[in-house]
Amino acid sequence: MTITDMFWIFLKTFIAVNVLLLHVAYVVYFERKVIGHMQARLGPMRVGWHGLLQPIADFLKLFFKEDIIPANADKPIFYIAPVIGVISAVSSLAVIPLWKNFSIANLNIGILYMLALSSVGAYSVILAGWASNSKYSFLGGLRSSAQVISYEISMGLSLVGVMMMSSSANLSDIVRAQSGHWFIFSQPVACLIFVMSAIAETNRAPFDLPEAETELVAGYATEYSGMRFGLFFMAEYAGMFIMSALGTICFLGGWNGPDFGIFAGVPKIVWLLLKIYGCIFFYFWIRATLPRYRYDQLMSLGWKIFIPLALANIVVTGLIKILWK
Amino acid sequence: MSTPQLFFAYFAVMMTGLSLMVVTRKNPVHSVLYMLILFAHIAALYLFLNAEFLAAIQIIIYAGAILVLFLFVIMMLNLRKEETEKRFQKQWPLGIGIGVVLAVFLIMIVGKIAVIAPLGPYSIDAVRSDGHIMTVGKVLYSEFLLPFEIASLILLVAVVGAVVLAKRKIE
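Residues numbered from 1 in each chain as written. Chains lettered and ligands numbered in written order. Predicted model: local features only at pLDDT ≥ 70, side-chain atom pairs only at ≥ 80, totals over all residues. Heavy atoms only, no water.

Draft legend 1. Here's a closer look at the interface of chain A and chain B. Counting residues at the interface gives 21 residues for chain A, matched by 22 residues for chain B. Roughly 2000 Å² is buried in total at the junction of chain A and chain B, and carbon and sulfur atoms are behind 79% of that figure. Looking at the side of chain A facing chain B, the largest losses of area belong to I109(A), Y123(A) and W130(A), adding up to 30% of the total buried there. Viewed at the interface, chain B and chain A are joined by 0 salt bridges. Connecting chain A to chain B are 1 residue pair in polar contact (both at pLDDT 80 or more). Per element, the largest residue contribution to the side of chain A that touches chain B is 9 residues, and it comes from helix α4 (residues 110–131) of chain A. In terms of residue class, the side of chain A that touches chain B is built from 15 nonpolar, 4 polar and 2 charged. (Contact = heavy atoms within 4.5 Å. Buried area = accessible area lost by both parts, 1.4 Å probe. Salt bridge = Lys/Arg side-chain N within 4 Å of Asp/Glu carboxyl O. Polar contact = N/O pair within 3.5 Å; in protein donor to acceptor, adjacent residues only side chain to side chain. Helix = DSSP H or I, 4+ residues; strand = E, 2+ residues; numbered from the N terminus. Nonpolar A, V, L, I, M, F, W, Y, C, P; charged D, E, K, R; others polar.)

Draft legend 2. A look at the packing of helix α1 (residues 3–38) of chain A against helix α10 (residues 226–251) of chain A. Residue and element names in this part refer to chain A. At a minimum axis distance of 9 Å, the contact between α1 and α10 shows a crossing angle of 95°. Here α10 runs roughly perpendicular to α1, going by the angle between their axes. Residues L20, L21, H23, V24, V27, V28 and E31 of α1 form the contact with α10, whose participating residues are F233, M234, Y237, A238 and F241. Within the contact of α1 with α10, the residues separate by chemical class into 10 nonpolar, 1 polar and 1 charged. (Axes fitted to C-alpha atoms, helices over the stretch in contact; angles between N-to-C directions. Parallel < 35°, antiparallel > 145°, perpendicular 65-115°, else oblique.)

Draft legend 3. Representation of the side chain of Q54(A) in the model. Residues and elements named next belong to chain A. Inspection of the secondary structure assignment puts Q54 in helix α2 (residues 54–64). Classification of Q54 as buried rests on a relative accessible area of 14%. Not counting the four nearest positions on each side in its chain, Q54 is found in contact with Y29, R32, P44 and V47. (Buried < 20%, exposed > 50% of the residue type's maximum accessible area, 1.4 Å probe, protein only.)

In structure tokens, the structure reads:
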């Protein structure tokens, strides 16, 4: 590896991380606006034009707030838990191909890498719940660990169908395999399972039981304040962005877009980002529409419906692939 | 020392040190966390050997599933009492003595063993051209089909056993 290669990797990382962090800030704004309008409110309006500077104001507030640590907390783990969450969410970005030939690391095991990082991200919630030494945090942590393990299985299995269709686990190859048709049409069952599992994996409504505010205050984040709480917030929204990107790449054709007429000149990344925004909007739409699940319903849905369905999908895909030849 | 040797030395030393940390911590949650770092190092060692698929699986299965289950069980048990009690039994000096003797013996013998196996068809280049997942899959489902099925049968037995134990009443 020469110095120029290193320089390019650093530059790409710098661009990708900055784009992600800016997105995270404005995804929060987008969510408040979307949900506000869905509930016939205006959402943030005060800071800047239509509240456009609200995320910056929120960030400044969180940054300067006092950082309170409970007396009986396990301090090192309490400190490190939110950091694990942010690191695992941000480093997933390394394998996402933003457009043709632009991914920081073009790994052959791209999908597996993303799954591995999302399972490491689960530690941040579990450890935060345990280290806070508080009932609510602890219950939130336990719920999250069980939920994330269960839904990780169905998510991994649903992506096996995609890997079989494209004969590769490399995310760039998966996008290239979709230049004809998107996998949402040939793998509709896998897509449905992936969407549900991604919502459960990122602890979002209607599967946001680890932080169910009506019963657990704020779940695992109850004892956190100031910037540490901000890090959790960042990890959650970055996780949503990453999951949307993974869904876009695996099912919605990634950077592929219309290639004729006036669309031909549009840079490919625009299509990818538009699809990702669509997925994120879907997250908010579901949150504003559906009530929260009960915990035992969530677990039986995962184990008794999604996992068998995903396994059946693999078998059917394999059969069709053999018979088609 | 060349760079690969330096890398290996780092991982070997760290893995030994982390394993010691795992067994000597008073708080079982801390032990599990040291084990997590240890698994990350093992995965890095796999990467170092060009086995990227194994590295990913190491993280997904061991760090992502098995260790989370460990944590889950440890958190459910209330182990606050264990933290205040003495960590080791009285026999620990004897244990260390035997360990040191064994270590010296192994160090003396390790230079004299040379394992020379014939090189198989799966060289690094061959694996690269087919892709790791495809190579592992092909070998598992053809050459090693029987051991693979036996392993999955053993796991199935364990699952059935767990279900039987967890079920309160069996009609």
